[in-house]
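Summary of the model geometry
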Number of protein chains: 2
Amino acid sequence: MKKEVRAEIIAIGDELLYGQIQDTNSHWISQELTQIGVRVVRRTTVGDNQEAILSAFALAEKNADIILMTGGLGPTQDDLTKQLLATYFDCTLELVPEALDAVRVFFERRGRELTETNKLQAHLPTKCTYVPNEVGTAPGMWFEEKGCVWMSMPGVPHEMRKLMTDFVLPKLKSLYDLPVIYHQLIRTVGIGESWLSDLIKDWEDALPENVKLAYLPSLGEVKLRLTAFADDMGAASGAVARQLDLLKPMIEKYIYAYGNIPMHEAIGSLLNEKNQKVAFAESCSGGYIAHLVTSVAGASAYFQGGIIPYHNTYKQTLLGVSDDTLSSHGAVSEQTVIEMAKGVREKFQTDYGVASSGIAGPSGGTADKPVGTVWIACSYQGGVDTKLLQLTQDRSINIHLTAISALNLLRTCILRETS
Amino acid sequence: MKKEVRAEIIAIGDELLYGQIQDTNSHWISQELTQIGVRVVRRTTVGDNQEAILSAFALAEKNADIILMTGGLGPTQDDLTKQLLATYFDCTLELVPEALDAVRVFFERRGRELTETNKLQAHLPTKCTYVPNEVGTAPGMWFEEKGCVWMSMPGVPHEMRKLMTDFVLPKLKSLYDLPVIYHQLIRTVGIGESWLSDLIKDWEDALPENVKLAYLPSLGEVKLRLTAFADDMGAASGAVARQLDLLKPMIEKYIYAYGNIPMHEAIGSLLNEKNQKVAFAESCSGGYIAHLVTSVAGASAYFQGGIIPYHNTYKQTLLGVSDDTLSSHGAVSEQTVIEMAKGVREKFQTDYGVASSGIAGPSGGTADKPVGTVWIACSYQGGVDTKLLQLTQDRSINIHLTAISALNLLRTCILRETS
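The rules we used
- Numbers given for residues are sequential positions, taken from 1 along each chain in its written order.
- Chain letters and ligand numbers both follow the written order, the letters beginning at A and the numbers at 1.
- Totals for whole chains, interfaces and linings use every residue, but because this is a predicted model, local features are given only for residues with pLDDT of at least 70 and side-chain atom pairs only at 80 or more, for both listing and counting.
- The side-chain values count all of the structure's non-hydrogen atoms but skip hydrogen atoms and water molecules.
- The numbering of helices and of strands both runs from the N terminus, where a helix is a DSSP run of H or I of at least 4 residues and a strand a run of E of at least 2.
- Burial classes: relative accessible area under 20% of the type maximum marks a residue as buried, over 50% as exposed, and values in between as partly exposed (1.4 Å probe, protein chains only).
- Residues count as neighbours in contact if any of their non-hydrogen atoms are within 4.5 Å of one another.
- Note that His is not counted, nor are the chain ends; the positive residues are Lys and Arg, and the negative ones are Asp and Glu.
- For this purpose, a charge sits on NZ of Lys, CZ of Arg, CG of Asp or CD of Glu.
- Strand pairing is assigned whenever DSSP identifies at least 2 bridges connecting the two strands.
- Contacts described as polar in this section are N or O atom pairs within 3.5 Å, which, within protein, must combine one atom able to donate a hydrogen with one able to accept it, while residues neighboring in sequence count only if both atoms come from side chains.
- Domain boundaries shown here were taken from an automatic or database domain assignment.
- Note on geometry: axes are C-alpha line fits, over the in-contact stretch for helices, and angles between N-to-C directions span 0 to 180 degrees.
- Angle categories: roughly parallel below 35 degrees, roughly antiparallel above 145, roughly perpendicular from 65 to 115, and oblique for all the rest.
- By convention, the crossing between two helices is left-handed when the near helix turns anticlockwise from the far helix through less than a right angle, and right-handed when the turn is clockwise.
- Ten residue types, Ala, Val, Leu, Ile, Met, Phe, Trp, Tyr, Cys and Pro, are classed as nonpolar, four, Asp, Glu, Lys and Arg, as charged, and the remainder, Gly among them, as polar.
- Think of a nonpolar core as a cluster: buried Ala, Val, Leu, Ile, Met, Phe, Trp, Tyr and Cys residues, connected wherever their side-chain atoms sit within 4.5 Å.
- The quantity called pLDDT is the predictor's confidence in a given residue, expressed from 0 to 100.
- Reported buried area values correspond to the accessible surface (1.4 Å probe) lost by two parts on association, with both partners' losses combined.
- Salt bridge, as used here, is a side-chain nitrogen of Lys or Arg placed within 4 Å of a carboxyl oxygen of Asp or Glu.

1. Looking at the overall build of chain A
Within chain A, the secondary structure is distributed over 16 helices and 17 strands. Each of the three principal axes of chain A carries a C-alpha extent, and together these read 80 × 60 × 40 Å. Here chain A holds 419 residues, and the buried ones make up 57% of them. Considering only contacts within chain A whose residues lie at least 6 apart along the sequence, 66% involve residues at least 24 apart. Charged side chains of chain A number 38 positive and 49 negative; the gap between the two group centres comes to 3 Å.

As structure tokens, then:
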């Protein structure tokens, strides 16, 4: 058995302790370290306070091999991390020309002048290895001191993630002899966690010792993670593959993707593969479905466009929903959403037209159509599928679940119509 | 000046360190404690591990007056908190009849039999005060030991929140003479952190002892947080108000809201106040602006709808962008985005029409129009404002920044046109 490699995560910032910002960084870092076989043994959050930060360093050093820090790197006076790292490692801050150039380029690209304060960001502890931050102005700093490796990263999530992905994770893999762990994510939609677990209970109970199953439920979907531990990657991935072969037949129709592929990306690949196009008519989802689909690079290959007829007038003028339908059935009805789906499909001359209409809430509900009542439809050459959703009292949850359900309805239509 | 009351929050559970569950509890508790004037000095997350939990207790005891714990209270073997509290306070676990009744009732209500394992949940450290958990089976435990108050709560968020709200927060208010802390958030857009800090440096340096400033930058905006400590709320809010009066004139045009109000919500309030309406024509932002605006309850009062002409054809057919404009200037041009903004404003008969067209990336860039080149426009009765953005290589960041910039362009137009 290999020696366990232990990591601590330190998040720095008063705004975290005041509860003004949710620390999503430590959670994300925990996931990434776990993925590569590093054991996270503690996470600590401290404020912008010298004593607290220094004692966090000292505690971490006693407890872990790897210490990852986020936050406290801004150019302003309340940010202390960089200075305290210099103090802790008994060195000074010096200008790193490379870092200065990077900051200058960053601002030039934005047509802005470099200020004195900006320049301070290029002064780094002499004992650190400068790690360029391509998407921000605060550099990453890597130390190998006091028998540990230390990495200081900005608290801005996308900057931290890029530094982790491009530099830290590969570097840790090369530095340590990490246990071989193979993960396979299986993404399901349209079935709840407990039903899923009932469905696969016997299989789960029969899993071999070195293969573990985790349920990762999130809004509107449940991910299953199979993790195998072995001496080499071939054995680990093989062990997972064997279990997957047994699992698939039981839940095939709920599986929309494997690995790190969200629903809207899976839909894109499916449309690309079938060489088909889609358009959206979004009332209650208000553009969220189009946003999800266009967040994927290359979406223009299959997404033609969308219409958001938020006010009913435009369900008629832009999508051709009939006066009669709206007056007799209302905007939140199967008939209306069918005409919206057909309308947008014609307008954009696509293979599929997907529509949503519902009461997102928190107000606007009635006795027969309470908040959370949502109709979705998918129109295609051969006809139209519809679905009635009874969702929650929460507006943002309803918008999110409407999008996932509409995309899943589209997915099932594509698979059926092209099979 | 009152004595500062310090708190530590300890979250317990392997699932947190493995990143399987995001710890939302510590964040929520931080907010609640800050609200009542308790200073959160550290948050620690440890696994289901005896040594780690006991050392977390010892560290917290040295550092804080109040120690709040969540998690590790399940009936299963891997949950250690209760046993370790007994160990730490040198007492034993004994059956608390009251607690047993509560667990029995909990299961009866759900028509389930009480198992031996369930019964274990009624065994509590003899030195604790039993705090009933009305929404779950793991009781709360309150200790006043070793010069601190300690509260252990289940990790299930709604159970923890009920115990905090019904018992812990009132209890702390009655136990301590808490200082008054007043926070004021000032939200700015259109200026970077370092420019802002240069602009207000003299004011910042002259802040009185009891007023602190923090910069909270996030993608596309910078929040300033003023925090005042005083003996009563009047003095605290007054101290902040005095500083705000000095600050405002320096940065007025960048301030879009105060407090917990995101840009898209501020825009909504502004439109409501002016009784005006808006529509969006989104190419590169792909529906994200409409999504942000419709994520606010009541958006239908000022948001009429939107068009997402992702394929150029529909910039012509749906928005009336001229053939000539597209062929001579291209889709990503000032002329095109002007015609899009005018077109969508006419289509939806609104006071304002806002449009975006750009190269979100990662591909599609050219020498004269690299990835991150985005044109935005806002059309209104009197004319049209436009802006050229030079953004990043990252698609999602470009989409986000396009939305914030477009909404800020709309904001400035509204303020000017209605002044």
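From this point on, the discussion continues.
2. Topic: the pairing of strand β8 (residues 148-153) of chain B
Residues and elements named next belong to chain B. With 6 of 6 residues buried, β8 is to be regarded as a mostly interior element. Burial along β8 is two-sided: the face carrying C148, W150 and S152 and the face carrying V149, M151 and M153 are both buried. Two strands pair when backbone bridges link them, and strand β3 (residues 66-70) and β8 are joined in this way by 5 bridges, in the parallel orientation. Bridging from a neighbouring strand, I66 pairs with V149 of β8.

3. Details of the side chain of N133(A)
Residue and element names in this part refer to chain A. Along the chain, N133 turns up in the loop between β6 (129-131) and β7 (140-145). For N133, a relative accessible area of 9% gives the class buried. Of the polar contacts made by the side chain of N133, one reaches the backbone nitrogen of G136; its length is 2.9 Å. Among the polar contacts made by the side chain of N133, one reaches the side chain of E159 at a distance of 2.8 Å. Non-local contacts of N133, meaning those with residues more than four positions away in its chain, are made with A138, P139, P154, E159 and L163.

4. Quick notes on the domain arrangement of chain A
Interfaces are often sized by the amount of accessible area the parts lose when they come together. On domain assignment, one finds that chain A holds domain 1 (6-175), domain 2 (180-258) and domain 3 (263-418). Here the C-alpha centre of domain 2 of chain A lies 35 Å away from the C-alpha centre of domain 1 of chain A.

5. Digging into the packing of helix α3 (residues 50-63) of chain B against helix α4 (residues 81-88) of chain B
All names here are of chain B. Between α3 and α4, the least distance of the axes is 10 Å, while the angle of their chain directions is 55°. Here α3 is positioned oblique relative to α4, judged by the angle of their axes. Note on packing geometry: the crossing formed by α3 with α4 is right-handed. Between α3, through Q50, I53, L54, F57, A58 and E61, and α4, the contact on the second element is made entirely by L84, L85 and Y88. A breakdown of the residues in the contact of α3 with α4 according to their chemical character gives 7 nonpolar, 1 polar and 1 charged.

6. As for the packing of helix α2 (residues 25-35) of chain B against helix α7 (residues 157-175) of chain B
All names here are of chain B. Axis separation between α2 and α7 bottoms out at 11 Å; the angle between their running directions is 25°. Classed by the angle they form, the pair α2 and α7 counts as roughly parallel. Here α2 runs over α7; the crossing is right-handed. Of the residues in α7, those in contact with N25, W28, I29, E32 and L33 of α2 are P157, M160, R161, M164, T165, L169 and L172. The residue inventory of the contact of α2 with α7, partitioned by class, reads 8 nonpolar, 2 polar and 2 charged.

7. Some words on unusual backbone geometry
Cis geometry marks the peptide bond from G361(A) to P362(A); its omega dihedral reads 5°. Counting through the fold element by element, P362(A) comes out in the loop between β15 (352-358) and β16 (373-380). Phi angles above zero are rare outside glycine, and Q349(A) is one such case at about 45°. Counting through the fold element by element, Q349(A) comes out in the loop between α15 (334-347) and β15. Look at Q349(A) and you get exposed, because its relative accessible area is 66%. Positive phi is not limited to glycine here, since N275(B) has a value of about 55°. Within the secondary structure, N275(B) is located in the loop between α11 (263-274) and β13 (278-282).

8. Regarding the nonpolar core
With 81 residues, the main nonpolar core has F280(A), L410(A), F280(B) and L410(B) as its most contacted residues. Element by element, the count of residues in this core is highest for helix α16 (residues 395-417) of chain B, at 11 residues. Other than its neighbours up to four places away in sequence, L410(B) contacts I267(B), V278(B), F280(B), Y352(B), V354(B) and C378(B). I307(A), A331(A), A331(B) and V337(B) belong to the second-largest nonpolar core, a separate cluster that totals 40 residues.

9. What about the pairing of strand β16 (residues 373-380) of chain B?
All names here are of chain B. Within β16, 8 of the 8 residues are buried, leaving the element largely enclosed by the surrounding structure. The side-chain alternation of β16 yields two buried faces, one formed by T373, W375, A377 and S379 and the other by V374, I376, C378 and Y380. Relative to strand β17 (residues 383-390), β16 runs antiparallel, the two being bridged by 8 bridges. Following the sheet pairing, I376 is matched in β17 by K387. The turn linking β16 back onto β17 is made up of 2 residues.

10. What to know about the confidence of the model for chain A
Parts of the model with low pLDDT should not have their predicted coordinates read in detail. Within chain A, residue pLDDT values average 94, and 100% of them lie at 70 or more. What the predictor reports for the complex is a pTM of 0.82 with an ipTM of 0.81.

11. Comments concerning the interface of chain A and chain B
Between chain A and chain B, the contact holds 74 residues from the first and 77 residues from the second. Both faces considered, chain A and chain B share a buried interface measuring about 6100 Å² in area, 56% of it formed by carbon and sulfur atoms. At the boundary of chain A and chain B, one finds 0 salt bridges. Linking chain A with chain B are 31 residue pairs in polar contact (both at pLDDT 80 or more), by the criterion used here. At 8 residues, the largest contribution of residues to the side of chain A that touches chain B is made by strand β2 (residues 39-46) of chain A. Among the residues forming the side of chain A that touches chain B, the class breakdown is 27 nonpolar, 32 polar and 15 charged. Taken together, the 3 bridges between strand β14 (residues 303-308) of chain A and strand β14 (residues 303-308) of chain B define a ladder with antiparallel strand orientation. Residue pairing in the sheet places G306(A) in a bridge with I308(B) of β14(B).

12. Let's talk about the pattern of salt bridges
Between side chains of opposite charge, a pair can form as their charged atoms come close. According to the stated counting rule, one finds 26 salt bridges over all chains in the structure shown. Of the charged contacts, one joins R187(A) and E221(A) as a salt bridge, the two residues approaching to 3.7 Å between their closest N and O atoms. Taken together, the residues R187(A) in strand β9 (residues 180-189) and E221(A) in strand β11 (residues 221-230) connect sequence positions 34 residues apart. For the pair formed by R187(A) and E221(A), the shared burial category is buried. Between K119(B) and E116(B) there is a salt bridge, with its nearest N and O atoms 3.1 Å apart. Taken together, the positions of K119(B) and E116(B), both in helix α6 (residues 116-120) and 3 residues apart, correspond to about one turn of that helix. Accessibility expressed as a relative area gives 28% for K119(B), which makes it partly exposed. Overall, the relative accessible area of 56% leaves E116(B) in the exposed class. Through salt bridges with shared partners, one network takes in E4(A), R6(A) and R39(A).

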